[in-house]
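# Inside the fold
Here are the chains, one letter per residue:
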Amino acid sequence: MKVAPTIEGGLRINPENDIDWHLLRSIILDANASDHDLAARLGDLISDEKISEDWQDIVVPDLRESFSDDLHHVYAAIETAAAFPKDDEISIWISPADAQKWYSALNQARLELEEIHHFGQNPELDAKNFRPVRRDALLRSRFYCELQSLILDHVIS
């Protein structure tokens, strides 16, 4: 997979094989891997019972909808690129207008992987010591983090 900044201030992603496509589609799969979604989990962090109840009733539905919209946007961009290549080249474009949605989707996927696998903050974590499922999850999480960094460096600067 190749990822490069564009003249317009965005990013262009060129998947080169089926593994790249699987990795990109995994953003959506990873973000939706749990029955207890991120919006609800954020509400669970509030310890004050009254505030927590209000948060769950007022904030969580809108937050859930916003997160879902971001995931649908990224899913549509990936699937549209796969279905309608231009000039025999398949590119996924992240414009400045799309950057927040992509960042959100990648963040949701990373947070979900962390919730499931508990990788922690250790940058020296060695994927070779893990079973295949956990190793693959760590590598996807690192890819998502790198793509987020590229978005921050080249699109949301």
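Here, the structure is the one placed above.
Quick look at the structure, then. Owing to the predicted nature of the structure, the values given are computational and were not obtained by experimental measurement.

### Examining the overall build of the protein
Looking only at helices and strands, one finds five helices and three strands in the protein. Written out in order from the N terminus, the α and β elements of the protein read β-β-α-α-α-β-α-α. Counting only C-alpha atoms and orienting by the principal axes, one finds that the protein spans roughly 55 × 40 × 30 Å. Within the protein, the proportion of its 157 residues that are buried is 36%. Residue pairs in contact within the protein that sit at least 24 positions apart in sequence constitute 67% of those at least 6 positions apart. A gap of 7 Å separates the mean positions of the 15 positive and 30 negative side-chain charges of the protein.

### Section: the packing of helix 1 (residues 18–31) against helix 4 (residues 99–117)
Where helix 1 meets helix 4, the closest approach of the two axes is 8 Å, and the angle between their N-to-C directions is 60°. The orientation of helix 1 with respect to helix 4, classified from their angle, is oblique. Relative to helix 4, the crossing made by helix 1 is left-handed. Touching Ile-27, Asp-30 and Ala-31 of helix 1 are Trp-102, Ala-105, Leu-106, Gln-108, Ala-109, Glu-112 and Leu-113, all from helix 4.

### Concerning the pattern of salt bridges
Where charged atoms from two side chains of opposite charge approach closely, those side chains can pair. Inspection of the entire model under this criterion finds nine salt bridges. We note a salt bridge from Glu-79 to Arg-25, for which the minimum N-O separation is 2.6 Å. Of this pair, Glu-79 sits in helix 3 (residues 49–83) while Arg-25 is found in helix 1, placing the two residues 54 residues apart along the sequence. Its relative accessible area of 23% is what places Glu-79 among the partly exposed residues. Residue Arg-25 is classed as partly exposed on the basis of its relative accessible area of 32%. One salt bridge connects Arg-41 with Glu-112, and the closest N-O pair in it is separated by 3.0 Å. Pair noted here: Arg-41 is in helix 2 (residues 38–44) and Glu-112 is in helix 4, with a separation of 71 residues, a long-range link. Overall, the relative accessible area of 10% leaves Arg-41 in the buried class. On the accessibility criterion, Glu-112 (1% relative accessible area) is buried. Residues participating in the shared-partner salt-bridge network are Arg-41, Glu-112 and Glu-115.

What counts, and at which threshold
- Residues numbered from 1 in each chain as written.
- Predicted model: local features only at pLDDT ≥ 70, side-chain atom pairs only at ≥ 80, totals over all residues.
- Heavy atoms only, no water.
- Helix = DSSP H or I, 4+ residues; strand = E, 2+ residues; numbered from the N terminus.
- Buried < 20%, exposed > 50% of the residue type's maximum accessible area, 1.4 Å probe, protein only.
- Contact = heavy atoms within 4.5 Å.
- Lys, Arg positive; Asp, Glu negative; His and termini not counted.
- Charge placed at Lys NZ, Arg CZ, Asp CG, Glu CD.
- Axes fitted to C-alpha atoms, helices over the stretch in contact; angles between N-to-C directions.
- Parallel < 35°, antiparallel > 145°, perpendicular 65-115°, else oblique.
- Left-handed = near helix turned anticlockwise from the far one by under 90°.
- Salt bridge = Lys/Arg side-chain N within 4 Å of Asp/Glu carboxyl O.

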